[in-house]
Amino acid sequence: MSRAEALRPAGPVNPLWTFGLLRSELLTTFRRWRTLALLGVLAAVPVLVGIAVKIETSDGSPGGGGDGGGGPAFISQITNNGLFLVFTALAATLPFFLPMAIGVIAGDAVAGEANAGTLRYLLVAPAGRTRLLLTKYATVLVFCLAATLVVAVSALTVGALLFPLGDLTTISGTRISFTEGLGRALLIALVVAASLTGVAALGLFVSTLTNSGIAAMATTVGLLITVQILDQIPQLHALHPYLFSHYWLSFADLMREPVYWDDLVRNLGLQALYAAVFGSAAWARFTAKDISA
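Student: Describe unusual backbone geometry, and please don't skip the residues or the numbers.
Tutor: That bond from Glu 257 to Pro 258 is cis: its omega, 0°, falls within 30 degrees of zero. In this fold, Pro 258 is placed in the loop between helix H11 (213–230) and helix H12 (262–288).

Student: So what's going on with the packing of aromatic side chains? Which residues, and what values?
Tutor: One pass over the full model with this rule turns up seven aromatic pairs. Measuring from centroid to centroid gives 6.0 Å for Phe 30 and Phe 143, while their planes differ by 45°, and the two rings are tilted. Residue Phe 30 is located in helix H2 (residues 15–31), and its partner Phe 143 is located in helix H8 (residues 129–162); the two are separated by 113 residues in the primary sequence. For Phe 143, a relative accessible area of 0% translates into the label buried. Note on Phe 205 and Phe 278: the rings are 5.9 Å apart at their centroids and 50° apart in plane angle, and the pair reads as tilted. One end of the pair, Phe 205, is in helix H10 (residues 197–207); the other, Phe 278, is in helix H12, with 73 residues separating them in the sequence. Clustering of aromatic rings is evident, with ring pairs tying together Phe 205, Phe 244, Trp 248, Tyr 274 and Phe 278. Stacked on the ring of Phe 286, the Lys or Arg Arg 129 has its end atom at 6.0 Å from the ring centre.

Student: Provide a residue-level description of the nonpolar core, including the pertinent values.
Tutor: Of all hydrophobic cores here, the largest spans 73 residues; its most connected members are Val 86, Phe 87, Ile 102, Phe 143, Ile 188, Phe 244 and Phe 251. Counting residues per element, this core draws most heavily on H8, at 11 residues. For Phe 143, the residues in contact, after removing those within four places along its chain, are Phe 30, Thr 35, Leu 38, Leu 39, Ala 101, Ile 102 and Ile 105.

The rules behind these values
Residues numbered from 1 in each chain as written. Predicted model: local features only at pLDDT ≥ 70, side-chain atom pairs only at ≥ 80, totals over all residues. Heavy atoms only, no water. Helix = DSSP H or I, 4+ residues; strand = E, 2+ residues; numbered from the N terminus. Phe/Tyr/Trp six-rings, centres within 6.5 Å; stacked < 30°, edge-to-face > 60°. Buried < 20%, exposed > 50% of the residue type's maximum accessible area, 1.4 Å probe, protein only. Lys NZ or Arg CZ within 6 Å of the ring centre and 35° of its normal. Core = buried A, V, L, I, M, F, W, Y, C linked by side-chain atoms within 4.5 Å. Contact = heavy atoms within 4.5 Å.

Geometry only, nothing functional implied.
Put into structure tokens, the structure is as follows:
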């Protein structure tokens, strides 16, 4: 059965057809070599970090260090507990690698279909543009979760192979069991995935502005880099709390005892705001767009 036949409902549109459309989009996205290559690169980052730390500490010297709850503080703990490689890998990939991958997938979501000449066909079925756009966004969100879990699982595997596992010490200095630490690692992965929803909505909006998938992907990644640069300029400190990347590393607060929720809540609220604003903009643009391809 062709994709055309799979996506064409036999009668009035119903929820089952919507799930069929989502399933088709997920299969199409995760079967692309580009998607598999992105996931492969993300999986390789924890491997490289783990090997680098293992080589650096092979003479018994301590690993990297640093104060605060960011990546450096986690790196210093990897040799004592491989579970910290999960937190380090997420801290290393979140500023650029993860959002870049999301930007590529989101930027290509609509523009790629238009460039390939399949977008007009997808709109022939009586599902409406809103349903199709929501399906595209849901697919990108699934990729957000999948990409984050790939990093986390890869890091946990490498950490278990190269370093000991066991009870771990939080940033606050308290001890928690390995099981609780594993639960916090999963929660951190979910928070990181949620932190990418704003980028996903931004990329989807950019994707509705052009019929070139490459242009949409490049623009999304360019905006990502620009925002990251702006977030590092001290003179723009008043603007920083409104940038979608500003609270990304707040997930480290989940490794405190008790957990600091303030920045975590700010981060999730900011992502919801970006998703609502750029999701609405994408809907307004897509529903009024003249589809010629």
